[in-house]
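Remarks on the overall topology
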Amino acid sequence: QQQVKQSPQSLIVQKGGISIINCAYENTAFDYFPWYQQFPGKGPALLIAIRPDVSEKKEGRFTISFNKSAKQFSLHIMDSQPGDSATYFCAASITPGANSKLTFGKGITLSVRP
Amino acid sequence: GAGVSQSPRYKVAKRGQDVALRCDPISGHVSLFWYQQALGQGPEFLTYFQNEAQLDKSGLPSDRFFAERPEGSVSTLKIQRTQQEDSAVYLCASSLSTGGLPYEQYFGPGTRLTVT
């Protein structure tokens, strides 16, 4: 059973538009929710992360919205740019604990057209 | 400063060969994770070290997979008698955290293993 599910599977957005990627999780013990960005041939890099005690977090053009009751969270990319074209993964982990291993979604490919 | 480095970046092995993949974490990072990323999928957890202690190996897919971090720094993931299903990108990540709030996991570029 996949514990973290992403939608859509792929996304095409025009430059300047808003990219929205959704994620749903199963395990209510998860309490740390990061989004990672991955370019071809590179490792994932953390974009932004949230914990369940807040409903929204914004960093620059990136915003996470969190809905604890629905067990869902989403990434919004404002003013999307061609350089944002990459694969995006949502993830979740259980803390505290030394082993904060991440459970990832399958990822979505974002293409931002000029 | 240097990030997480992995070597080799690419490895082609014939089925049945043994391979060793190396990870150099960020200096001072206590926690080290290995993940496996199949083509078109998200990374999947393999194993976790806190310093030299392997505290979780629940994600290792078979007893052909073995990982070590003998001095609490560099780690090696070894795969014995490789099979085609082992073909994937193997990612290493390190973190400053030893517990409590999770610090960011910094990922290396990965080693792409192809078993022919």
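For every chain, the first residue of the written sequence is number 1, and numbering continues from 1 onward in sequence order. Labels are handed out in written order, letters beginning with A for the chains and numbers beginning with 1 for the ligands. Selection of residues for local features in this predicted model requires a pLDDT of at least 70, selection of side-chain atom pairs for listing and counting requires 80 or more, and totals for whole chains, interfaces and linings are taken over all residues. Only hydrogens and water are set aside; all other atoms, that is, all heavy atoms of the structure, feed into the side-chain values.

So, the overall build of chain A
Filter applied, for reference: Helix and strand assignments follow DSSP, with helices taken as H or I runs no shorter than four residues and strands as E runs no shorter than two, numbered in order from the N terminus. Throughout, the radius of gyration refers to the C-alpha atoms, and the reference size of a globule is 2.2 Å times the residue count to the power 0.38. Contact between two residues is taken to exist if any of their heavy atoms lie within 4.5 Å; hydrogens are not considered. For the purpose of charge, His is not counted, nor are the chain termini; Lys and Arg are scored as positive and Asp and Glu as negative. Every charge is mapped onto a representative atom, which is NZ of Lys, CZ of Arg, CG of Asp or CD of Glu.
In terms of regular secondary structure, chain A is built from 0 helices and 11 strands. N-terminal to C-terminal, the α/β element order of chain A is β-β-β-β-β-β-β-β-β-β-β. For chain A, the C-alpha radius of gyration of 14 Å lies close to 13 Å, the compact-globule estimate for 114 residues. Structurally, chain A occupies a C-alpha span of about 45 × 30 × 25 Å along its principal axes. In chain A, the share of contacts with a sequence separation of at least 24, taken over all contacts with a separation of at least 6, comes to 54%. Counting 12 positive and 7 negative side-chain charges, chain A places the averaged centre of each group 6 Å from the other.

Comments concerning the state of the cysteines
Disulfides are covalent bonds that link the sulfur atoms of two cysteine residues. Our working rule: When two cysteine sulfur atoms lie within 2.5 Å, the pair is treated as a disulfide. Burial status follows relative accessibility: with a 1.4 Å probe on protein chains alone, a residue under 20% of its type maximum counts as buried, one over 50% as exposed, and anything between as partly exposed.
If you walk through the whole model with that rule in mind, you get 2 disulfides over all chains. Cys23(A) shares a disulfide with Cys90(A); S-S distance 1.9 Å. Residues Cys23(A) and Cys90(A) are joined by a disulfide whose S-S torsion is about 60°; by sign, that bridge is right-handed. One end of the pair, Cys23(A), is in strand β3 (residues 19-25); the other, Cys90(A), is in strand β9 (residues 86-92), and 67 residues separate them in sequence. An identical accessibility class is assigned to Cys23(A) and Cys90(A); each is buried. The partner cysteine of Cys23(B) in its disulfide is Cys92(B), sulfur to sulfur 1.9 Å. In this structure, the disulfide formed by Cys23(B) and Cys92(B) twists by about -65° around the S-S bond and is classed as left-handed.

Here we look at the interface of chain B and chain A
Rule in force here: Buried surface area refers to the total accessible area, computed with a probe of radius 1.4 Å, that the two partners give up upon joining, counted for both partners together. Whenever a carboxyl oxygen of Asp or Glu lies within 4 Å of a side-chain nitrogen of Lys or Arg, that contact is scored as a salt bridge. Throughout this description, a polar contact denotes any pair of N or O atoms lying within 3.5 Å of each other; where both atoms belong to protein, one of them has to be capable of donating a hydrogen while the other can accept it, and for residues adjacent in sequence the pair is counted only when both atoms sit in side chains.
Counting from both sides, the interface comprises 25 residues of chain B and, opposite them, 21 residues of chain A. Interface area for chain B against chain A, summed over the two sides, is near 1700 Å², with a carbon-plus-sulfur share of 55%. As a salt-bridge pair, Lys101(A) and Asp56(B) come within 3.1 Å of each other at their nearest N and O atoms. Here chain B and chain A share 6 residue pairs in polar contact (both at pLDDT 80 or more) between them.

Description of the pattern of salt bridges
Residue and element names in this part refer to chain B. Overall, the coordinates contain 7 salt bridges over all chains when judged by the stated rule. Residue Arg64 is joined to Asp86 by a salt bridge in which the shortest nitrogen-to-oxygen separation is 2.8 Å. Here Asp86 lies in the loop between β8 (75-79) and β9 (88-95) and Arg64 lies in the loop between β6 (53-56) and β7 (65-68), a separation of 22 residues in the sequence. Like Asp86, Arg64 is buried.

Focus: the packing of aromatic side chains
Residue and element names in this part refer to chain A. Quick note on the threshold: Aromatic pairing here means that ring centres of Phe, Tyr or Trp (its six-membered ring) are within 6.5 Å. Orientation follows from the plane angle: under 30 degrees is stacked, over 60 is edge-to-face, and everything else is tilted.
Considering all chains together, one arrives at 18 aromatic pairs over all chains under this definition. With centroids separated by 5.6 Å and ring planes inclined at 55°, the aromatic side chains of Tyr36 and Phe104 adopt a geometry described as tilted. Pair noted here: Tyr36 is in strand β4 (residues 33-38) and Phe104 is in strand β10 (residues 103-104), with a separation of 68 residues, a long-range link. Under the relative-accessibility criterion, Tyr36 is labelled buried at 1%. According to the relative accessible area criterion, Phe104 is buried, its value standing at 8%.

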